[in-house]
Amino acid sequence: MIQEFKSKGKNYLIGLIWFFLLLWPLLGIHSDGTLSFAKAFYVWFYIFCASIIVVTVYIIHKKGLTLPLVKPLASATNKIYGYAASMPKPVLFIIIGVIAFLFPFFTERYAQDTAINVLIYICLGLGLNIVVGMAGLLDLGYIAFYGVGAYTYALLNTLYGLSFWLSLPIVAIFAGIAGCIVGYPTLRMRGDYLAIVTLGFGEIIRIIFNNWMQLTNGPNGILGIKPPAALIPSFANGFSFEYLYLKKLHYLYYAALLLAVFTIIVVSRLSASRIGRAWEAIREDETVAEMTGINTFSLKLLAYATGAVLGGIAGAFFAARMRFVSPESFTFIESAMVLSMVVLGGMGSIPGIILGVIALIALPEVFREFELYRMLAFGASMTLMMLFRPKGLIPSKRMGVRSEEKEE
Amino acid sequence: MEYFIQQLINGLTLGGIYALIALGYTMVYGIIQLINFAHGEFFAAGGYMGVILLSFLSANGYLATNPWLCLSGSIILAMIYCSLLATGVEKIAYKPLRKSSRLSVLLSALGMSIFIQNGLMLTQGVYDKPYPSIFSGGGFDFGNIKISYMQIVILLITILLLVFLNILVFKTRIGKAMRATAQDKTMSSLVGIKSDRVISITFIIGASLAAAAGIMVGMYYGSVGYNMGFVPGIKAFAAAVLGGIGNITGAMIGGLLIGIIEIFGAGYISSEYKDVFAFIILIGVLYFMPTGIMGENVDDTRV
Amino acid sequence: MKFKKLKLFVLTIITAIFISAGAFAETLKIGSMGPLTGPYAADGNDIANGVRSAIAVIEDEGGIEGFDKIELFAEDTACDPRQAVAAANKLINSEVIGVIGAYCSSATIPASEVLAEEDIIMITPASTNEKVTERELKYMFRMCGRDDDQSKAAVSFLKYKKAKTVFIIDDKTTYSQGLAENVAKGCEAAGIKVILHDHVNQGDKDFSAVLTKLKSKAPDALYMSLQNSATGSLMAIQAKRIGIEATILSQDAVYHPQFIDIAKDAAEGIYLTCGFMDKGTESYKNFIAKFQKITGTDKSGAYSVYAYDSAITLLKAIKKTGGTDPAKIKEAMLKMNYQGASKNISFKENGDSSSSYIIFKVENKNFKNHWNPETGELFSETK
Amino acid sequence: MKKPILELKNVTSGYNEIQVLKDISIEVFEGEIVTLIGGNGAGKTTTLMTISNIVPATSGEILYYGKPIHKKPADVLPGIGLCQVPEGRRIFPRLSVENNLEMGAFLRKDHKKIAEDIEYIYQLFPILKERKKQPGGALSGGEQQMLAIGRAIMGRPKLLLLDEPSLGLAPLITLKIFEIIEEINKKGTTVLLRLCNGNGKNYRQRYR
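Residues numbered from 1 in each chain as written. Chains lettered and ligands numbered in written order. Predicted model: local features only at pLDDT ≥ 70, side-chain atom pairs only at ≥ 80, totals over all residues. Heavy atoms only, no water.

Caption draft 1: Fine view of the interface of chain A and chain B. Listed per partner, the contact involves 69 residues of chain A and 68 residues of chain B. When chain A packs against chain B, close to 6000 Å² is buried across both sides, 73% of that on carbon and sulfur atoms. Viewed at the interface, chain B and chain A are joined by 0 salt bridges. Inspection of the chain A/chain B interface yields 8 residue pairs in polar contact (both at pLDDT 80 or more). Looking at the side of chain A that touches chain B, the elements with two or more residues in it are helix 1 (2–28), helix 7 (164–186), helix 8 (191–211), helix 11 (274–284), helix 14 (332–345) and helix 16 (374–388) of chain A. (Contact = heavy atoms within 4.5 Å. Buried area = accessible area lost by both parts, 1.4 Å probe. Salt bridge = Lys/Arg side-chain N within 4 Å of Asp/Glu carboxyl O. Polar contact = N/O pair within 3.5 Å; in protein donor to acceptor, adjacent residues only side chain to side chain. Helix = DSSP H or I, 4+ residues; strand = E, 2+ residues; numbered from the N terminus.)

As structure tokens, then:
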């Protein structure tokens, strides 16, 4: 125990010295030819204190001294988990559904806005999950389909005046075609070759959005997109339905909720189906899957297309909500964010991905207070979360160990 | 014709820069099959260290009296700095995840990339930093064709590094250990290779290369910015894949190719679509040669 | 008589209560938006610092009656429409009266739609795209000039320089491309031949290909329309290295001290269009003093001055109306006509302010007033 | 009494939550050939991996020449004469045959002797000499097995752990490989051999 502590302490000390060595040149060497230590030391000291506190808490926790504090909390959460687990699934869904339904009634617009973002990203995350989590194809350009969806709706709406709900099937077709176009040449590739090719496709589509002036209006984006409309019951003159554009945030929230629920149902049905099992077989071992009679070619293409359709629908809603699209929303970092949500939440697991989305959308919003430190904290917490939960927050139960990863 | 040659020189220079970054990228990839997103950030950190040290020296007047000594000293210090940074990042963010799925490491790398980039921004400010200008000027004129000294230096250094790395990997003891570790970590520890140390050394070499590249690029373009690592990082990744990831010569060829395609695409067709040309060629090459131009070193592993 | 005195007494007390109640309750909240992270973080921070300087100046002057404190909520848009909308919603939630921002036109436009729903005044210090004010939003103002005005100044300068051919490069942002297109149109109309209108991408560092192309066409002038001053300096350095002799004209986004810091010798002799700023005025001196106090440098970009003026205008209007009713504030702003730090400030009905573009020239590592398109005359050396 | 060269005392180990070895004890004396046999999944491979500390022992002691080695990292063991030919051969597929052999002597510094040893291996397995420039991955299964054994011998082991050297090989080659194991053993290397049931029947007697 003491031995272990000694080596840990040594590592910790080395870590602190290492950190100072990295920090000082950045803060202490000035271009006017002077050296200073105060500022670097000051920053370092802050981090030193913070880390001491964290480490102490960690040690105390490890030794079990926090048990009296943690125990009631843990037992309480366990109880809740127990209740939730013992409850029949429909009841659980109804409770979550009711909470989701009532959400706009007791929140302000900022929370609603964030909630809409969360719902859009749930659609995106679940769509990407089909490609990455279920079929095991690393896709770094997923946001392209989101963009295709957004632009398709934007153009249909602004040029032909098609309404949101009518556009959705067309959006789905276009996104599906885009998925096949991206999917087809990549099917021969594996692993990181696939990664760079999908990344390349993502960039190509963004550059086309940015440069095809006649169609997309380039960097200026497309303005004046109509939000989704709905028949709202109105009681003003007796009872009638009123055709209304959903401009108010809470109406939009319900539309987003509808899409998210739709996506969740699609994905959960898919994962329970033959196709879902075939995808998972491809993920675990493509060669064996092929030998058992799975048509890997068309199924991989199907995975791309399905993922793209879901992404495209999310994109159409994004365009309808923003009432404005421009290529800047579809950069590589967005793809990386969606991928992070999927991996962080737990590949292949629907509740996991929902949690992952909430975590990654909420984090930057929480850190918004820190302004400049926001992205710094975001990057650090991304790494930390991976270190502590490498399989994701809620790992999928059906994720096997790949043969090639077993022993190393 | 003059136009063609000038564009070719431009392309070779840009390609040389990509190749410089891609060399480190591909080495790290080769050994632990990790797309090290933070590599671009090591490159930026190297560029910043160059600015910090050179402007410090120039303010003290050393730069004017002893330019070459100052430059080489700065490059060495920046290399050491980036090595420190890289080993630390490796120990903190990659090593604990060695047994997890490769996507977790990928995310961890992405997190580190965001962290370092913003760390640089916070400590060094959001403005680009200018390099002292004494190295960037000068060049040869052949009629209308201009070749600056920096362009020659970049190409020379890339070729030198390529030779040096090939010797290192294929002829030396550590190189053999690297290759063995890359192929089979368990077995290599059964024959007595300390694979953790080999991986650290690979990171150090990769980061030193990135640091040198950062200073080169800083001097060539005249400035460094905190977000300078991201785009070249992706291009270098593309270059490494194009050449056959894990293959050192391949990375060099891939880098040069991407640079030349970009420049010719911009020079002859249209500059706003130049990245499209680069990526289309990449996709096309990979479609017909799914393991890159130089092939080799593909483990049949997926996500 | 006695009754009257009593009445007066009661009235005084009531008034006193009202005034004191007003004095103690309120913090005046204003917001700023701009890219605090990402490639345009430099300009975003300039905007936030400009607003901070304005608040400091107003507070030094005794603040605003009815409010003890002016608080700034600086939000990050990262130049991304989605984040801009989120930031706008956050500002709405913080109950700000007005917002200074945003920087990129592509962030300003969606954010302004959200803010407009809640009748929050928005003054953009930097988005020059015509669409910003052409959508007839009620509370949308613009402090900087418009793309079309700036391009007019640019074209008349090219005419003055007797350029026959011009090569245009833009970096494909709403701002730079809009401007470049206006210049191209203006040039055609003025009989200057546009040899090629080429584009580069945001974040590019290597322009050797397009500059080589330019050199082979040997135009009289290069119009360099870029959103980022650092990109501008990279292009200037490479243009010099490759031996381009054309007159180089750029615009206000490049008007930033770091352009000269980085480009050094290569910046010499480059022309820029930018709003005329009389650095001798009292307001500018006020601004720069505060700016230096806050940031530790007196090198301010073009947008911090506009942001400063926007904030001052907003705060002055609030002071004048004594309340937070947006309609009244708008009215007060439309009536305003005073000498700001950047220019003489007065708003048109659609929310645009005047443009006062002149040509600057980089000389001896400084931006010098060079030529006035209004009068067609050179500025004298003393200015 | 002679001291055992390798001694496992109540060793427990396993992968993550799955405990594979429970309280096993083994003694191996110098000059012996000891065979581990057992059914599928009995933990033979895990035993060898635990001795080499690829799979760490969770409790118990492993003594080598009387000194505990279960805390030492795997990569120092070849340096003190404990080499393993693991299950599935694990040739470095993209290194040449010769490089593979050199890797076996990674911790040795005596270049002259290494060259001699390589020649010795080529004598044992002439086929390897013919293919010395080819990458390891291009060899057939039997050749790879020879290469794996040869690589382990390059470390000049005092104790050689062999994991199923005959798996999937033609009977003739198997015979040849066991002859060579015998020869190495006579030269003073102790061998701990792991066999599957079926093969074990044929050879157990001979090597007892």
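Here the narrative resumes.
Caption draft 2: Examining the environment of S101 of chain B more closely. As for its position among the elements, S101 of chain B is in the loop between helix 4 (67–94) and helix 5 (102–124). C-alpha of S101 of chain B to C-alpha of T65 of chain B: the two residues are 36 residues apart in sequence and 53 Å apart in space.

Caption draft 3: Highlighting the state of the cysteines. For the coordinates displayed, the defined rule picks out 1 disulfide over all chains. One disulfide in the model links C79 of chain C with C104 of chain C; its S-S distance is 1.5 Å. One end of the pair, C79 of chain C, is in the loop between strand 2 (69–76) and helix 3 (81–93); the other, C104 of chain C, is in the loop between strand 3 (98–100) and helix 4 (105–117), and 25 residues separate them in sequence. Cysteine C70 of chain B is unpaired, with the sulfur of C82 of chain B as its nearest cysteine sulfur at 19 Å. (Disulfide = S-S within 2.5 Å.)

Caption draft 4: Expanded view of a nonpolar patch on the surface. On the surface, I94, V98, F101, L102, F105 and F106 of chain A cluster together into a nonpolar patch covering about 640 Å² of accessible area. The class for L102 of chain A is partly exposed, based on a relative accessible area of 35%. (Patch = residues over 30% accessible without salt bridge, like charges linked within 9 Å, V, L, I, M, F, W, Y side chains within 5 Å. Areas by Shrake-Rupley, 256 points an atom, 1.4 Å probe, with all protein chains shown as cover. Buried < 20%, exposed > 50% of the residue type's maximum accessible area, 1.4 Å probe, protein only.)

Caption draft 5: Region of interest: the sheet that holds strand 2 of chain C. Residue and element names in this part refer to chain C. In space, the 5 strands of this open sheet follow the order 2-1-3-4-5, with parallel pairing throughout. A strand with exactly one partner marks an edge of an open sheet, and here the two such strands are strand 2 and strand 5 (140–142). Adjacent strand axes in the sheet meet at a mean angle of 25 degrees, parallel and antiparallel pairs treated alike. When strand 1 (residues 27–34) meets strand 3, the two strands line up parallel, connected through 3 bridges. Within strand 3, the position partnered with I30 by the bridge is G98. (Pairing = 2+ DSSP bridges. Axes fitted to C-alpha atoms, helices over the stretch in contact; angles between N-to-C directions.)

Caption draft 6: Spotlight on the confidence of the model for chain D. Residue and element names in this part refer to chain D. The share of residues in chain D with pLDDT of 70 or more is 93%, and the mean pLDDT across the chain is 82. Confidence, read as mean pLDDT per element, is least for helix 7 (residues 197–207) in chain D (43) and greatest for helix 3 (residues 111–124) (89). Segment residues 198–208: pLDDT under 50, and 13 contacts once partners within four positions in sequence are set aside and those in other chains are kept. Quick note on the complex model: pTM equals 0.86, ipTM equals 0.83. (pLDDT = per-residue confidence, 0-100.)

Caption draft 7: A look at the packing of helix 15 (residues 350–367) of chain A against helix 16 of chain A. All names here are of chain A. Packing of helix 15 against helix 16 brings their axes to within 9 Å, and their N-to-C directions diverge by 140 degrees. In terms of crossing hand, the pair formed by helix 15 and helix 16 is right-handed. Taken together, the residues of helix 16 that come into contact with helix 15 (itself represented by L360, L363, P364 and F367) are R374, A377, F378, S381 and M385. A per-class count over the contact of helix 15 with helix 16 returns 7 nonpolar, 1 polar and 1 charged. (Left-handed = near helix turned anticlockwise from the far one by under 90°. Nonpolar A, V, L, I, M, F, W, Y, C, P; charged D, E, K, R; others polar.)

Caption draft 8: Examining the packing of helix 5 (residues 109–134) of chain A against helix 10 (residues 249–272) of chain A more closely. Residues and elements named next belong to chain A. At a closest axis distance of 9 Å, the pairing of helix 5 and helix 10 adopts a crossing angle of 20 degrees. Relative to helix 10, the element helix 5 lies roughly parallel. The handedness of the crossing between helix 5 and helix 10 is left-handed. A per-class count over the contact of helix 5 with helix 10 returns 17 nonpolar, 5 polar and 2 charged. (Parallel < 35°, antiparallel > 145°, perpendicular 65-115°, else oblique.)

Caption draft 9: Structural context of the packing of aromatic side chains. The final tally for this structure, using the stated rule, is 47 aromatic pairs over all chains. Pairing F20 of chain A with W44 of chain A gives two aromatic rings, centres 5.6 Å apart and planes at 80 degrees, and the pair type is edge-to-face. Taken together, the residues span a long stretch of sequence, with F20 of chain A in helix 1 and W44 of chain A in helix 2 (residues 38–63) at a distance of 24 residues. Assigned by exposure class, F20 of chain A and W44 of chain A land together as buried. Here the aromatic residues F20, F41, W44, F45 and F48 of chain A are joined through ring pairs into a cluster of three or more. Stacked on the ring of F106 of chain D, the Lys or Arg R173 of chain B has its end atom at 4.2 Å from the ring centre. Here the basic side chain of R151 of chain D rests over the ring of F92 of chain D, its NZ or CZ set 5.2 Å away from the ring centre. (Phe/Tyr/Trp six-rings, centres within 6.5 Å; stacked < 30°, edge-to-face > 60°. Lys NZ or Arg CZ within 6 Å of the ring centre and 35° of its normal.)

Caption draft 10: Main features of helix 6 (residues 171–186) of chain D. Relative to the 22 Å expected for 16 residues at 1.5 Å per residue, helix 6 of chain D spans 23 Å between its end C-alpha atoms, a close match to the ideal helical length. Phi turns positive, to about 110 degrees, at G188 of chain D, one or two residues after helix 6 of chain D. (Expected span 1.5 Å × (residues − 1).)

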